[in-house]
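# Working through the structure, step by step
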Amino acid sequence: MKFLKLVTSAAAASALLAACGGGDSVSEGPSFDTSGAPGSLVATPTALTTLTPAAFQAAAPASLFQVAGVPKCNVTFNYFQYGTVGGAGEKTSASGGIMVPSGTDAACTGERPVLLYAHGTTTDKNKNMASPQDSEAALIAAMYAAQGYIVVAPNYAGYEASTLPYHPYLNMDQQAKDMVDALTAARKGFADVGARASAKLFVSGYSQGGFVSMATQRALQLAGTPVTAAAHLSGPYALGTFGDAVYAGNVNLGATIFSPLLTTSFQRTYGNIYTTPSEMYEAAYAPTIETLLPSTTAQSVLLSTGKLPATAMFAADSAPKPAGFESFFGAGNLVKTSYRNTYLADAVANPTAPKHPLRVAANKNDLLQQNWTPNKPMLLCGGNADPTVFFRVNTQAAQAYFAGKGVPAQAVTVLDVDSPATSASDPFAQAKGGFAQAKAATAAAGTSALMQAYHGSLVPPFCNAAARGYFAQF
């Protein structure tokens with residue numbers, strides 16, 4: 001669903017092209033440069049468009065503002081490019097958006113808090129968080145920038161104008177560096193885009209972005225960079241455990257998309273996930289799988305033309321096949337039974353000390369296996385019936401992990417939006433009530449419609465609204 005359908009003016013587009021070719025120095029931090037060094041600002045950020053509160057409301061559906069609230073500020077969407085690294089430490093570039101609030105309301109003036117936001121999984125190579133035509137960018141703009149936050153939202157290496165020929169998907173170290181590099185570069189351009197930042201820094205993200213934001217909070221803490229608070233939303237934090245669940249047959253919705261992104265990422269980083277793609281993938285997919293994602297071809301077309309199977313992760317006769325997950329087994333499956341069997345054999349023989357290369361990589365990037373405890377408050381939000389990123393395996397496991405590390409319960413707040421309010425004083429009662437209404441309306445179209453919408457459409461607005469409310473106390 002596109003929240004906005006706005007066309008960048010020819011003048012803005014021309015300015016963007018000119019900016020990418022060079023310009024003047026910025027007043028905050030070092031001059032921009034084209035060296036490609038991590039955290040370098042390639043060019044002065046370029047304003048693509050500004051939405052007034054009235055224009056925002058006219059362009060987006062009323063349902064968005066029923067959750068996000070009436071916009072208080074003008075929001076200027078700025079595009080920037082920066083230097084970062086790939087999964088193997090190679091030099092590369094990436095791009096992103098800086099959303100800047102302005103206006104006469106008290107929430108829009110003076111020094112404003114900064115939100116560093118990590119977006120969710122997408123197959124779209126042209127993903128651009130600087131564009132209000134992007135539905136996730138529009139949601140974040142409505143939820144945060146229009147309420148007075150300066151938002152820095154990277155597109156990630158491998159997307160949009162990045163020169164990296166793949167995306168380091170769920171690579172804990174790289175994705176955290178990517179976010180930190182984006183923030184470093186963006187701050188160098190703040191003065192040019194009229195962003196007056198306060199000392200408050202919040203970190204958040206949804207789905208893939210929930211994993212990335214937690215990895216980023218950890219990286220910033222280890223580097224000694226102050227974070228005010230964080231909100232990690234529906235993320236696959238327990239990557240090793242989650243992977244074992246999927247290969248055991250408890251396949252998550254979207255696995256045929258996530259698996260190629262993940263294995264290509266790990267293959268590029270570690271080089272040992274397979275000898276050749278045909279060791280892991282069926283013949284219909286092996287020849288093109290390593291360069292398939294992200295893509296400029298729509299996901300629906302990738303599926304309809306057989307570039308990827310819609311749901312069949314494993315073969316029909318591959319075992320085990322747990323009850324309720326039969327739709328993920330069938331003809332035209334993605335992963336070979338022989339590869340699955342070697343994975344499962346290792347899970348049985350080495351449950352906590354894996355030797356299979358995919359399990360080793362997943363555990364290496366599992367955020368709950370890093371011996372790390374946050375020193376700033378965090379919110380973990382999701383829905384207990386999520387068919388894409390399992391709530392129990394990830395969010396509840398993270399809660400238990402941090403509790404086991406001695407983190408006080410009040411420092412890690414867990415919200416299940418798909419649960420009733422605990423009392424009249426429940427701080428998340430509004431988010432829970434709103435989600436229940438949205439869920440019921442979607443369920444009226446059938447179970448399949450609810451399953452398809454749950455993770456990507458239903459949960460994000462309410463978890464983000466809860467995150468903003470959580471941040472307000474700081």
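Conventions used here
- Residues numbered from 1 in each chain as written.
- Predicted model: local features only at pLDDT ≥ 70, side-chain atom pairs only at ≥ 80, totals over all residues.
- Heavy atoms only, no water.
- Helix = DSSP H or I, 4+ residues; strand = E, 2+ residues; numbered from the N terminus.
- Rg over C-alpha atoms; globule rule 2.2 N^0.38 Å.
- Buried < 20%, exposed > 50% of the residue type's maximum accessible area, 1.4 Å probe, protein only.
- Contact = heavy atoms within 4.5 Å.
- Disulfide = S-S within 2.5 Å.
- Core = buried A, V, L, I, M, F, W, Y, C linked by side-chain atoms within 4.5 Å.
- Salt bridge = Lys/Arg side-chain N within 4 Å of Asp/Glu carboxyl O.
- Pairing = 2+ DSSP bridges.
- Right-handed = clockwise from strand over helix to strand, strands pointing away.
- Axes fitted to C-alpha atoms, helices over the stretch in contact; angles between N-to-C directions.

## Some words on the overall build of the protein chain
- Counting its secondary structure elements, the protein chain contains 15 helices and 9 strands.
- For the protein chain, the C-alpha radius of gyration of 22 Å lies close to 23 Å, the compact-globule estimate for 474 residues.
- If one aligns the C-alpha atoms of the protein chain with their principal axes, the spans along those axes are about 65 × 55 × 45 Å.
- Relative to its full complement of 474 residues, the protein chain shows a buried share of 56%.
- Sequence separation of 24 or more characterises 74% of the internal contacts of the protein chain that already satisfy a separation of 6 or more.

## Points about the state of the cysteines
- Following the criterion strictly, the structure yields 2 disulfides and no others.
- A disulfide bridge connects cysteine 73 with cysteine 108, and the sulfur atoms are separated by 2.1 Å. With the S-S bond torsion at -90°, the cross-link from cysteine 73 to cysteine 108 turns out left-handed. Of this pair, cysteine 73 sits in the loop between α3 (62–68) and β2 (74–85) while cysteine 108 sits in the loop between β3 (91–102) and β4 (112–118), and the two are 35 residues apart along the sequence. Cysteine 108 carries the same exposure label as cysteine 73, and that label is buried.
- Across a sulfur-sulfur distance of 2.0 Å, cysteine 381 and cysteine 463 are joined as a disulfide pair. An S-S torsion of about -85° defines the bridge between cysteine 381 and cysteine 463 as left-handed. Of this pair, cysteine 381 sits in strand β8 (residues 378–382) while cysteine 463 sits in helix α15 (residues 447–472); the two residues are 82 residues apart in sequence, bridging distant segments of the chain. For the pair cysteine 381 and cysteine 463, a shared accessibility class is recorded, and that class is buried.
- Looking at the protein chain, its bonded cysteines, counted consecutively from the start of the sequence, adopt the pairing 1-2, 3-4.

## Thoughts on the nonpolar core
- One finds Phe80, Tyr247, Met313 and Phe402 to be the most contacted residues of the largest nonpolar core, which totals 84 residues.
- Tallying contributions element by element places helix α5 (residues 172–189) first for this core, with 7 residues.
- Contacts of phenylalanine 80, omitting those with residues within four sequence positions, involve Leu41, Pro45, Ala94, Ser95, Gly96, Gly97, Ile98, Val152, Ala182, Ala185 and Ala186.
- Ranked by size, the runner-up nonpolar core spans 47 residues in total, among them Leu115, Met143, Leu458 and Ala467.

## Some words on the pattern of salt bridges
- If you walk through the whole model with that rule in mind, you get 7 salt bridges.
- Of the charged contacts in the structure, one is a salt bridge between aspartate 134 and lysine 127, with a shortest N-O distance of 3.0 Å. In this pair, the class of aspartate 134 matches that of lysine 127, namely buried.
- One salt bridge in this structure joins lysine 127 and glutamate 136, with 3.0 Å as the shortest N-O distance. Neither lysine 127 nor glutamate 136 differs from the other in exposure class; each is buried.
- Here the salt bridges share partners, and the residues they tie into one network are Lys127, Asp134 and Glu136.

## Points about the pairing of β4
- When you tally the buried positions in β4, you get 7 out of 7 residues, the bulk of the element.
- The pairing of β4 with strand β6 (residues 197–206) spans 6 bridges and is parallel. Looking at β6, one finds that leucine 116 is bridged to valine 203.
- Strand direction decides the pairing type here: β4 and strand β5 (residues 150–154), joined by 3 bridges, are parallel. Within β5, the residue paired with valine 114 across the bridge is isoleucine 150.
- Handedness of the crossover joining β4 and β5 through helix α4 (residues 135–143): right-handed.

## Points about the sheet that holds strand β1 (residues 46–51)
- With respect to topology, 9 strands assemble into an open sheet ordered β1-β2-β3-β5-β4-β6-β7-β8-β9, the strand pairing being mixed. Only two strands of the sheet have a single partner each, and these edge strands are β1 and β9 (412–416). Ignoring which end each strand starts from, the neighbouring axes of this sheet average 20° apart.
- With respect to the sheet, helix α13 (residues 391–404) is in contact with β8 and β9, its orientation differing from that of β9 by roughly 155°.

## Quick notes on the environment of alanine 362
- Relative to the helices and strands, alanine 362 is located in helix α12 (residues 357–364).
- Under the relative-accessibility criterion, alanine 362 is labelled buried at 5%.
- Measuring from C-alpha to C-alpha, the distance between alanine 362 and valine 393 comes to 14 Å, with 31 residues separating the pair along the chain.
- Residues in contact with alanine 362, not counting those within four places in the same chain, are Leu239, Gly240 and Phe266.

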